[in-house]
Amino acid sequence: WQNKFQDLKEFKKENGHSNPPTSGHKLSVFVSIQRDSYKKGKLSQERIDLLNSIGFDWDPLETDWQSNFEELKEFTKENGHSSPHFDTQLGSWCSTQRKNFKKRILSQERIELLDSLDFDWDPFETDWQNNFSQLQKFKKEYGHASPSRYDKGFNSLGRWCRTQREKYKNGKLSQER
């Protein structure tokens, strides 16, 4: 145990954390056993204290979630919204939170934390509603609801309208919409 602990101490010194990769690393089994033993109440206080002395991460999944949440908090502060682009690491994490929410496997505590950032639980619906609102303003200003890609400042709205028309023709636009 002491030799593995020394190896983990060295790993932490070199990497700045005590979370070796979960597979293929010589310390992954040792670290996993320590976490399991701790959860089961079978790890001595002496070993707990030694592991704590190097900042051992007892729950890397929780640490990772909190780290992503802090990143989202910073993103929200900088951008004024909580919907990073889906093809970024943070956007992917947000998608996972939405999926877990829909599956009802996201804890109430995490839901409340995300809600504290005005987390957008359905960015596709938000985007649709924003475009519809923009179309209403366009109609009020121009007297019709057919913006084209040539209308100054409205080319993306024109594309959105074309998409809605295609969905309607193909029977894929809900009656409500």
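A few points on the structure. (Residues numbered from 1 in each chain as written. Predicted model: local features only at pLDDT ≥ 70, side-chain atom pairs only at ≥ 80, totals over all residues. Heavy atoms only, no water.)

1. Here we look at the packing of helix α4 (residues 60–79) against helix α6 (residues 108–115)
Part 1 of the argument: The contact between α4 and α6 brings their axes to 11 Å, and the two run at 15°. Looking at the two axes, α4 sits roughly parallel to α6. As α4 packs across α6, the resulting crossing turns out to be right-handed. Two secondary-structure elements touch here, α4 through Glu62, Trp65, Gln66, Phe69 and Leu72 and α6 through Arg110, Leu113 and Leu114.
Part 2 of the argument: A per-class count over the contact of α4 with α6 returns 5 nonpolar, 1 polar and 2 charged. (Axes fitted to C-alpha atoms, helices over the stretch in contact; angles between N-to-C directions. Helix = DSSP H or I, 4+ residues; strand = E, 2+ residues; numbered from the N terminus. Parallel < 35°, antiparallel > 145°, perpendicular 65-115°, else oblique. Left-handed = near helix turned anticlockwise from the far one by under 90°. Contact = heavy atoms within 4.5 Å. Nonpolar A, V, L, I, M, F, W, Y, C, P; charged D, E, K, R; others polar.)

2. Structural notes on the environment of lysine 169
Part 1 of the argument: In this structure, lysine 169 sits in helix α8 (residues 155–169).
Part 2 of the argument: When the C-alpha positions of lysine 169 and glutamate 125 are compared, they lie 20 Å apart, and in sequence the two are 44 residues distant.

3. Some details on the pattern of salt bridges
Part 1 of the argument: Within the structure shown, the criterion is met by 4 salt bridges.
Part 2 of the argument: Among the salt bridges present, the one from arginine 110 reaches glutamate 62, with a minimum N-O distance of 2.5 Å. One end of the pair, arginine 110, is in helix α6; the other, glutamate 62, is in helix α4, and 48 residues separate them in sequence.
Part 3 of the argument: On the basis of relative accessibility, which here comes to 22%, the residue arginine 110 falls in the partly exposed class. (Salt bridge = Lys/Arg side-chain N within 4 Å of Asp/Glu carboxyl O. Buried < 20%, exposed > 50% of the residue type's maximum accessible area, 1.4 Å probe, protein only.)

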